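Single-letter residue listing:
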Amino acid sequence: MPITVLQARRGWQTIDLARLWRFRDLLLFMALRDIKVRYKQTALGAVWAVLQPFAMMVVIAVFLGRFTGVTSPVFLYAGLLPWTFFAASVNGSTNSLVSNAGMLRKIYFPRLILPVAAVGAPLMDYMVAFTVLAGLMAWYGVAPTFDILLLPLLVLLTVVAALGVGVTLSAMTVRFRDFRYVVPFLIQVMFFATPVIYPIHLPWLVRLNPMGGTIAAFRAAVTGEPIDFVALACSGAIACIMLAVGLALFARAERKFADLV
Amino acid sequence: MTTHRHQPVIHVAGLGKRYRLGGQARLDQTLPEVISDSMRRIFARKPRRTAPRKANTDFWALRDVSFSIERGEVIGVIGRNGAGKSTLLKILAQITDPTEGRAQLRGRVASLLEVGTGFHPELTGRENIYLNGAIMSMTRREIKAKFDDIVAFSGVEAFLDTPVKRYSSGMAVRLAFSVAAHLDPEILIIDEVLAVGDAAFQKKCLGKMQDIATSEGRTVLFVSHNMDSIMHLSTKVMVMDGGRTGGIEPVESGVKRYFAAMAEHDSTPLLDRPRKFSAGRPPVFDNLRILGPDDQANVIPCGGAMRVLIDLANMQSIQQGECGIVITNEQGQRVAILQSRYHANMTLEGTSITRIECEVPSLSLVPGTYQVDLSMVDNARMIEYVDCAGRFEVVFADVLGTGRLPNSKQGHLVIPATWKKAA
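How each quantity is defined
Residues numbered from 1 in each chain as written. Chains lettered and ligands numbered in written order. Predicted model: local features only at pLDDT ≥ 70, side-chain atom pairs only at ≥ 80, totals over all residues. Heavy atoms only, no water. Helix = DSSP H or I, 4+ residues; strand = E, 2+ residues; numbered from the N terminus. Buried < 20%, exposed > 50% of the residue type's maximum accessible area, 1.4 Å probe, protein only. Contact = heavy atoms within 4.5 Å. Areas by Shrake-Rupley, 256 points an atom, 1.4 Å probe, with all protein chains shown as cover. Rg over C-alpha atoms; globule rule 2.2 N^0.38 Å. Lys, Arg positive; Asp, Glu negative; His and termini not counted. Charge placed at Lys NZ, Arg CZ, Asp CG, Glu CD. Expected span 1.5 Å × (residues − 1). Buried area = accessible area lost by both parts, 1.4 Å probe. Salt bridge = Lys/Arg side-chain N within 4 Å of Asp/Glu carboxyl O. Polar contact = N/O pair within 3.5 Å; in protein donor to acceptor, adjacent residues only side chain to side chain. Axes fitted to C-alpha atoms, helices over the stretch in contact; angles between N-to-C directions. Parallel < 35°, antiparallel > 145°, perpendicular 65-115°, else oblique. Left-handed = near helix turned anticlockwise from the far one by under 90°. Nonpolar A, V, L, I, M, F, W, Y, C, P; charged D, E, K, R; others polar. Pairing = 2+ DSSP bridges. Phe/Tyr/Trp six-rings, centres within 6.5 Å; stacked < 30°, edge-to-face > 60°. pLDDT = per-residue confidence, 0-100.

## Thoughts on the overall build of chain B
A count of helical and extended segments in chain B gives 10 helices and 18 strands. Per-residue burial for chain B yields a buried fraction of 46% across its 423 residues. In chain B, the share of contacts with a sequence separation of at least 24, taken over all contacts with a separation of at least 6, comes to 71%. Element-wise, carbon and sulfur atoms account for 52% of the exposed surface of chain B, whose accessible area totals about 21,600 Å².

As structure tokens, then:
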């Protein structure tokens, strides 16, 4: 019979992995909930998942192509697709605690479930929007190379990077709603600091950026260019470090959520 | 093994919970202040300056609470509003940490503190059962195994594939309770949630709670304002008052003490009673009298006239005061509000007013006990709220001329009506 001891906790906490594992089905159901609800009462439904990166691609090709010199739809879409996934995940994670405030106040469950489950719906969108990438590649006659097999790893690294930012910001948003307004701004800045719509040209900046190497590698895998593995490794390592820091901060802040939210 | 059996299921020692005024910790600090404070703390040579903690900004919702509960007991937790019942339940349900003391729980804990938390209005009943079960720590397989039982108990079979937003609140309660009741917890914690359901389902739930405790040897801790269900269901009770408790005691003595505490509360002058809310200014409500016809205090025959007399104090700074008399029934549901502005376009200003009076020519409430709260709003801002400033009884009177009246389970109001047989 499990014995639970409740008392005041102070300072840094460890994450109870066993408890998290027991609630794994909740993670699934919360993600499914978001997916089911996402496009309820919309006329276009899941088409929105495609429309967002696609419209961005057109706009950027037409208006910014002149400055960046890049107008290839495959090149742009292959950058915008993982970027959209990243941005939507960060946004969803950050707001997940505040938008489920009622649950935080009235039910116990591992709070970490919320920001992690918030990645589910963007992941679904990502997979839907991926079909369009396949279509574009076929249309423009771009054949994938064996590097495309790296895709699961790249998706995983994107999730790690998104959670690294999102888990931290979600915990901070509980206390200060300011961070909700920081997110769109932060994403905007990162968008231009990351080689989403232009090729790598400041290698050190790309390596320091948790999404830099990952996005470049995704595009290289699709267009068949050589992958910059140094940049990928650096970005991946930075994303992992950010996630570790985020989890530590989250575990420390967690016990106050119900009183503050 | 035998020593194991004699260990209490719930053991609580010296439990306390402190809130900063306003119910939240240090929200008086803005983000830049927090950052500069922590920077100063990191870089300062001097030891960390302990901020002078003003004692009057602290509020202990719970203090020095100790008790033990044995296996298979059904404990009714009773006390006035603000006595700390919900805070205690929140700590035991692991939603919030105590500030001091500790609690030890043996076994799986399930809690139902609010109906339908975690229900998503857009999802169907079926989807919500899975989601809600998972929130309460059930695995997919467990939910699947109990699914039919949950549905059968809730009685919403016909609406399983309807979004929950189309459910009545009664149906949502039934579904939520059914999920919680089928959780097989060793410890079940229930706040006053059943008040929402209809009488028949309430009975069913109470029966289920009793089953859980007696035949399955599980422990139930529940809050209720309804002394009827407390006396029916509990094996022992715990009376809470002002965040403290004398511990677990027999039902009869506990209920008696609860009523005595209520009576004592009622005999304290209104001016001296604690406020549920006050905007940091001296109290304005000085005295309250509720009179029936023939000036009988606190008893009004159904359909009879009621006069409410309120003495005011410390009104100097009030510019556009609006006084509200809130009437709540025994189930804790608000029945009506008599508001000076709504009813008479009357606002209060300055020192000259010391007494106001509200008269209801015919009080058409069903017989029962009602609670009166008083509120004062100035310039659209709440400045004072007194919980349970008074109480009155509506007694039977033959207003319908048939010798019968609806009771409090059938409705709230007695509305005169004519009936005839159409030819």
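## Quick notes on the overall build of chain A
Each helix and strand in chain A was counted, giving 13 helices and 1 strand. Counting from the amino terminus, helix and strand elements in chain A follow one another as β-α-α-α-α-α-α-α-α-α-α-α-α-α. For 261 residues, the compact-globule estimate of 2.2 N^0.38 gives 18 Å, and chain A sits close to it at 19 Å. Principal-axis analysis of the C-alpha atoms gives chain A an extent of 60 × 45 × 35 Å. The burial tally for chain A puts 49% of its 261 residues in the buried class. The long-range share in chain A, meaning contacts at least 24 apart out of those at least 6 apart in sequence, stands at 77%. When the accessible surface of chain A is summed, it comes to about 12,100 Å², and 70% of that surface belongs to carbon and sulfur atoms. Side-chain charges of chain A comprise 21 positive and 10 negative groups, with the mean position of each set lying 11 Å from the other.

## As for helix H7 (residues 120-140) of chain A
An α-helical turn contains 3.6 residues, so a residue and the one three or four places further along point in the same direction. Residue and element names in this part refer to chain A. In this model H7 runs 31 Å from its N-terminal to its C-terminal C-alpha over 21 residues, within 8% of the 30 Å that 1.5 Å per residue would give. Among the residues making up H7, those that are buried are Gly120, Ala121, Pro122, Asp125, Tyr126, Ala129, Val132, Leu133, Leu136 and Met137. Each element contacted by the buried residues of H7 is listed here: helix H2 (24-38), helix H3 (47-68), helix H4 (73-99), helix H6 (113-117), helix H8 (151-175) and helix H11 (212-223). Trailing H7 by a residue or two, Gly141 shows a phi angle of about 65°, which is positive.

## Comments concerning the interface of chain A and chain B
Taken together, the contacts link 41 residues of chain A with 47 residues of chain B. Summed over both partners, the interface of chain A with chain B comes to about 3,900 Å²; 59% of that surface belongs to carbon and sulfur atoms. Here chain A is connected to chain B by 4 salt bridges. The partner of Lys17 of chain B in a salt bridge is Asp259 of chain A, with the nearest N and O atoms 2.8 Å apart. For the interface between chain A and chain B, the tally reads 9 residue pairs in polar contact (both at pLDDT 80 or more).

## A look at the packing of H3 of chain A against H7 of chain A
All names here are of chain A. Between H3 and H7, the least distance of the axes is 7 Å, while the angle of their chain directions is 50°. As summarised for this structure, H3 and H7 are arranged oblique, according to the angle between their axes. Between H3 and H7 lies a crossing whose hand is right-handed. Listed contacts from H7 to Ala49, Val50, Pro53, Phe54 and Met57 of H3 are Asp125, Val128, Ala129, Val132 and Leu136. Its residues placed into classes, the contact of H3 with H7 shows 9 nonpolar, no polar and 1 charged.

## Structural notes on the sheet that holds strand E1 (residues 10-20) of chain B
Pairing within the open sheet is antiparallel, and its 4 strands lie in the order E1(A)-E4(B)-E1(B)-E2(B). Since the sheet does not close on itself, it has two edges, and those belong to strand E1 (3-7) of chain A together with strand E2 (58-69) of chain B, each with one partner. Adjacent strand axes in the sheet meet at a mean angle of 20° when their direction is disregarded. As defined by bridge partners, E1 of chain B adjoins E2 of chain B across 8 bridges and the pair is classed as antiparallel. Looking at E2 of chain B, one finds that Arg18 of chain B is bridged to Trp60 of chain B.

## Details of the pairing of strand E7 (residues 219-223) of chain B
Residues and elements named next belong to chain B. Buried residues dominate E7, accounting for 5 of its 5 residues. Both faces of E7 are covered, namely the face carrying Thr219, Leu221 and Val223 and the face carrying Val220 and Phe222. Bridge analysis of strand E6 (residues 187-190) against E7 gives 4 bridges, and the strand direction is parallel. The partner of Ile187 across the bridge, within E7, is Thr219.

## Examining the packing of aromatic side chains
Residues and elements named next belong to chain A. Within the structure shown, the criterion is met by 16 aromatic pairs over all chains. Judged by centre distance (6.4 Å) and plane angle (65°), the ring pair of Phe54 and Tyr77 falls under edge-to-face. In this pair, Phe54 is assigned in helix H3 and Tyr77 in helix H4, connecting sequence segments 23 residues apart. Judged by its relative accessible area of 0%, Tyr77 is buried. Consider the rings of Tyr126 and Phe218, whose centres lie 6.5 Å apart with planes at 50°: the pair is tilted. Taken together, the residues Tyr126 in helix H7 and Phe218 in helix H11 connect sequence positions 92 residues apart. The burial state of Tyr126 is the same as that of Phe218; both residues are buried.

## Looking at the environment of Ile107 of chain A
All names here are of chain A. The residue Ile107 is located in the loop between helix H5 (101-106) and H6 in this model. Judged by relative accessible area, which is 6%, Ile107 ranks as buried. As a C-alpha pair, Ile107 and Ala258 span 151 residues in sequence and 9.3 Å in three-dimensional space.

## Concerning the confidence of the model for chain B
Residue and element names in this part refer to chain B. Here chain B shows a mean pLDDT of 84. Residues at 70 or above account for 88%. Below a pLDDT of 50 lies the segment residues 22-27, which in the model reaches 10 contacts outside its immediate sequence neighbourhood of four places, other chains included. Confidence over residues 46-56 falls short of pLDDT 50; this stretch has 6 contacts with residues more than four positions distant or in other chains. Scored as a whole, the predicted complex attains pTM 0.76, and scored at its interfaces, ipTM 0.83.

## A short note on the side chain of Ser235 of chain A
Residues and elements named next belong to chain A. When you line up the elements, Ser235 lands in helix H12 (residues 229-253). Under the relative-accessibility criterion, Ser235 is labelled buried at 0%. At a separation of 2.8 Å, a polar atom in the side chain of Ser235 contacts the main-chain amide nitrogen of Gly213. When residues no more than four places from it in sequence are discounted, the contact partners of Ser235 are Val206, Arg207, Asn209, Pro210, Gly212, Gly213 and Thr214.

## Re unusual backbone geometry
Residues and elements named next belong to chain B. Although it is not a glycine, Asp295 adopts a positive phi angle of roughly 55°. Take Asp295: its relative accessible area is 49%, and that puts it in the partly exposed class. Residue Cys388 is not a glycine yet carries a positive backbone phi of 50°. Examined against the element boundaries, Cys388 turns out to sit in strand E18 (residues 381-395). A relative accessible area of 7% means that Cys388 is categorised as buried.

## Quick notes on the sheet that holds strand E16 (residues 355-360) of chain B
Residues and elements named next belong to chain B. An order of E11-E13-E16 is seen for the 3 strands of this open sheet, with the pairing classed as antiparallel. Only two strands of the sheet have a single neighbouring strand rather than two, namely strand E11 (285-291) and E16. In this sheet, neighbouring strand axes are inclined to one another by 15° on average, regardless of whether the strands run parallel or antiparallel. Relative to E16, strand E13 (residues 306-312) runs antiparallel, the two sharing 6 bridges. Bridged to Asp311 within E16 is Arg355.

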